[in-house]
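Okay, here's what each chain looks like letter by letter:
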Amino acid sequence: MRGRHNDATMVYKRTPVKDLNNAYDQEESGGHLLNGKDVGNPSWRRSLPHMLVATISSFLFGYHLGVVNETLESISTDLGFSGNTLAEGLVVSTCLGAAFVGSLLSGWITDGVGRRRAFQLCALPMIVGAALSATSKGLLGMLLGRLLVGIGMGIGPAVAALYVSEISPAFIRGTFGSVTQIATCLGLMGALFIGLPAKEIEGWWRVCFWVSAVPAAVLAFFMEFSAESPHWLFKKGRAAEAEAEFERLLGAAHVKSAIAELSRSDRGDESEAVKFSELLYGRHYKMVFMGSALFALQQLSGINAVFYFSSTVFKSFGVPSNLANICVGISNLLGSVVAMILMDKLGRRVLLLGSFSGMAVSLVLQVIAASSFTSGSGTMYLSVGGMLLFVLMFSLGAGPVPSLLLSEIFSGRIRAKAMAVCMAVHWVINFFVGLLFLQLLEQIGAQLLYTAFAIFCVVAVIFVKNNVVETKGKTLQEIEIALIPPE
């Protein structure tokens, strides 16, 4: 095993990304052998219910991102800080800051108590935080509730990406991983529709927060009956339990091959604690850098700035903000569904390249709309069309792929903690883009700002082309053996 392992890692060290991708494609096979007979791929129906329970956390993530969009005005009026932009900003940013803390803690929580318990620990602050926000009598209570919700939001996405990748059969892992993005979109749209009556019905915003406690409680309850990650169990030396969970998720015919794959990638260091320095300076730092860079470029493409600014753009052309949010939500959902269909057909790398390229083109359309070359209806079509195209292209690849890809390329030993570091980078960049966007828009104008976002998208295309390998159809162990260098 050691000799074969060294050969695989030498491919990673010496072979260009293009050649490594070709090698992956040549190695792909559709079945597994049992006693010399091909038993085919495991049934995806076995792992489907467990995946669907896990994606409730992604729904909650989207819901809490959008819950204050329609309700912030009513909240500020009822709680006595209407017109105080600092207080209103704190209601939004407290959640983002807490999510950064939660994302940093997620790796150690997930490795310490397991994936199932981590989901339940993610749901708990969301239930308590939602209740505190719904019953708050002043700004302090609202901020405390948003703080707790943010911690849950930070833990959830990383755990969901890990869990779904570890329980899914290799041939459908990309499709299942894309469902988390669809769940996030549904959460955003759910928050939008539930929040619509907030301006007409006094105190409706409290209902919006109470509603979010229901799916959080459902997540905590049903996770009690869901499968634990066999990868985590094996890593903890609980091989018998790992076999039982593999049988539950894949079927009895695939247990031996799945355990053999785990054993094949076992380097004898699974029980050793992962040091933070290993992720930043050790043999894994290149993979951690790649993951962090992907998340940074995802945010520097300007996606959240476009989300924040979309209603303003639509309103400038006489389109109500509610309709604008619905249009953006539909574009996001449509792209996510298409990505789910294509993820295991075209692969992660192709979707990333196409997504960032399309985002660059759509930003160019918005740059043209902001220039003096167009006027009247031409400006409207370019600006609104470019914005909707941008959201659509983002949801095709740049949105769902990074978290899925990173949960695949990191070795089992560091997967949870490396994901935590990369997600923390995501939240930091997200925070600063949101903080500086309106100020930069005012100082340098839309044309230069959209040009900068387009440049970052082009940089992302170059980065993906030179650094990202294709992982579709490969087991996590095959990916680990091919990519992670020996000590």
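## Some thoughts on the overall build of the protein chain
When you go through the protein chain residue by residue, the secondary structure sums to 22 helices and two strands. The proportion of buried residues among the 487 residues of the protein chain is 55%. Sequence separation of at least 24 residues holds for 83% of the intrachain contacts in the protein chain that already meet a minimum separation of 6. With the model as given, the accessible surface of the protein chain reaches about 19800 Å², and the carbon-plus-sulfur share is 65%.

## Remarks on the pattern of salt bridges
A side chain with one charge may pair with a side chain of the opposite charge, provided their charged atoms come close. All told, the structure shown has 11 salt bridges when counted by the stated rule. Residue K235 is joined to D111 by a salt bridge in which the shortest nitrogen-to-oxygen separation is 3.1 Å. Residue K235 is found in helix α11 (residues 230-235), and its partner D111 is found in helix α6 (residues 85-113); the two are separated by 124 residues along the sequence. Each member of the pair, K235 as well as D111, is classed as buried. Across the pair R348 and E408 runs a salt bridge whose closest N-O atoms are separated by 2.5 Å. With R348 in helix α18 (residues 348-370) and E408 in helix α20 (residues 401-409), the pair connects residues that are 60 residues apart, well separated along the chain. Neither residue differs from the other here; R348 and E408 are each classed as buried. Here the residues in one salt-bridge network are D111, R115, E166, K235, R415 and K417, joined through shared partners.

## Overview of the packing of aromatic side chains
In this structure the tally under the stated criterion is eight aromatic pairs. With 5.8 Å between their ring centres and 75° between their planes, F61 and W427 make a pair best called edge-to-face. A residue pair is termed long-range when its members are at least 10 positions apart, and F61 in helix α4 (residues 56-66) and W427 in helix α21 (residues 415-467) qualify at 366 residues. Residues W205 and F209 carry aromatic rings whose centres are separated by 6.2 Å and whose planes lie at 85° to one another, so their mutual orientation is edge-to-face. Placement of both W205 and F209 in helix α10 (residues 204-223) is noted, with a separation of four residues, approximately one turn of the helix. Three or more aromatic residues link up through ring pairs in this structure, and these residues are F221, F222 and F225.

## Observations regarding the confidence of the model for the protein chain
When the pLDDT values of the protein chain are averaged, the result is 83; 84% of them are 70 or greater. For residues 1-31, every residue scores under 50 in pLDDT, and the model assigns this stretch 52 contacts once sequence neighbours within four places are set aside.

## Quick look at a nonpolar patch on the surface
Where nonpolar side chains cluster on the molecular surface, the patch consists of V428, F432, L435, L436, L440, I444 and L448 and spans about 580 Å² of accessible area. Along the chain, L435 falls in helix α21.

## Observations regarding the side chain of T94
Relative to the elements of secondary structure, T94 occurs in helix α6. For T94, a relative accessible area of 17% translates into the label buried. The contacts of T94, once residues within four sequence positions are left out, are L143, R146 and L147.

## Points about the environment of S226
Note on placement: S226 falls in the loop between α10 and α11. Residues S226 and S47, spaced 179 residues apart in sequence, show a C-alpha to C-alpha distance of 9.5 Å. Residues within four places of S226 in sequence aside, it is in contact with H50, V53, R116, Y163 and R248.

## Regarding the side chain of N332
Relative to the elements of secondary structure, N332 occurs in helix α17 (residues 321-346). With relative accessibility at 5%, the residue N332 sits in the buried group. Once residues within four sequence positions are removed from consideration, N332 is found in contact with Q181, C185, L188, F307, V391 and S395.

## Section: the packing of helix α3 (residues 44-54) against helix α12 (residues 239-250)
Two quantities define a packed helix pair, namely the angle between the helix axes and the distance between the axes. Taken N-terminus to C-terminus, the directions of α3 and α12 make an angle of 105°; their axes are 6 Å apart at the nearest point. Classed by the angle they form, the pair α3 and α12 counts as roughly perpendicular. Here R46, S47 and H50 of α3 come into contact with α12, specifically with E247, R248, L249 and L250. Looking at side-chain class alone, the contact of α3 with α12 contains two nonpolar, two polar and three charged residues.

The rules behind each value
- Residues numbered from 1 in each chain as written.
- Predicted model: local features only at pLDDT ≥ 70, side-chain atom pairs only at ≥ 80, totals over all residues.
- Heavy atoms only, no water.
- Helix = DSSP H or I, 4+ residues; strand = E, 2+ residues; numbered from the N terminus.
- Buried < 20%, exposed > 50% of the residue type's maximum accessible area, 1.4 Å probe, protein only.
- Contact = heavy atoms within 4.5 Å.
- Areas by Shrake-Rupley, 256 points an atom, 1.4 Å probe, with all protein chains shown as cover.
- Salt bridge = Lys/Arg side-chain N within 4 Å of Asp/Glu carboxyl O.
- Phe/Tyr/Trp six-rings, centres within 6.5 Å; stacked < 30°, edge-to-face > 60°.
- pLDDT = per-residue confidence, 0-100.
- Patch = residues over 30% accessible without salt bridge, like charges linked within 9 Å, V, L, I, M, F, W, Y side chains within 5 Å.
- Axes fitted to C-alpha atoms, helices over the stretch in contact; angles between N-to-C directions.
- Parallel < 35°, antiparallel > 145°, perpendicular 65-115°, else oblique.
- Nonpolar A, V, L, I, M, F, W, Y, C, P; charged D, E, K, R; others polar.

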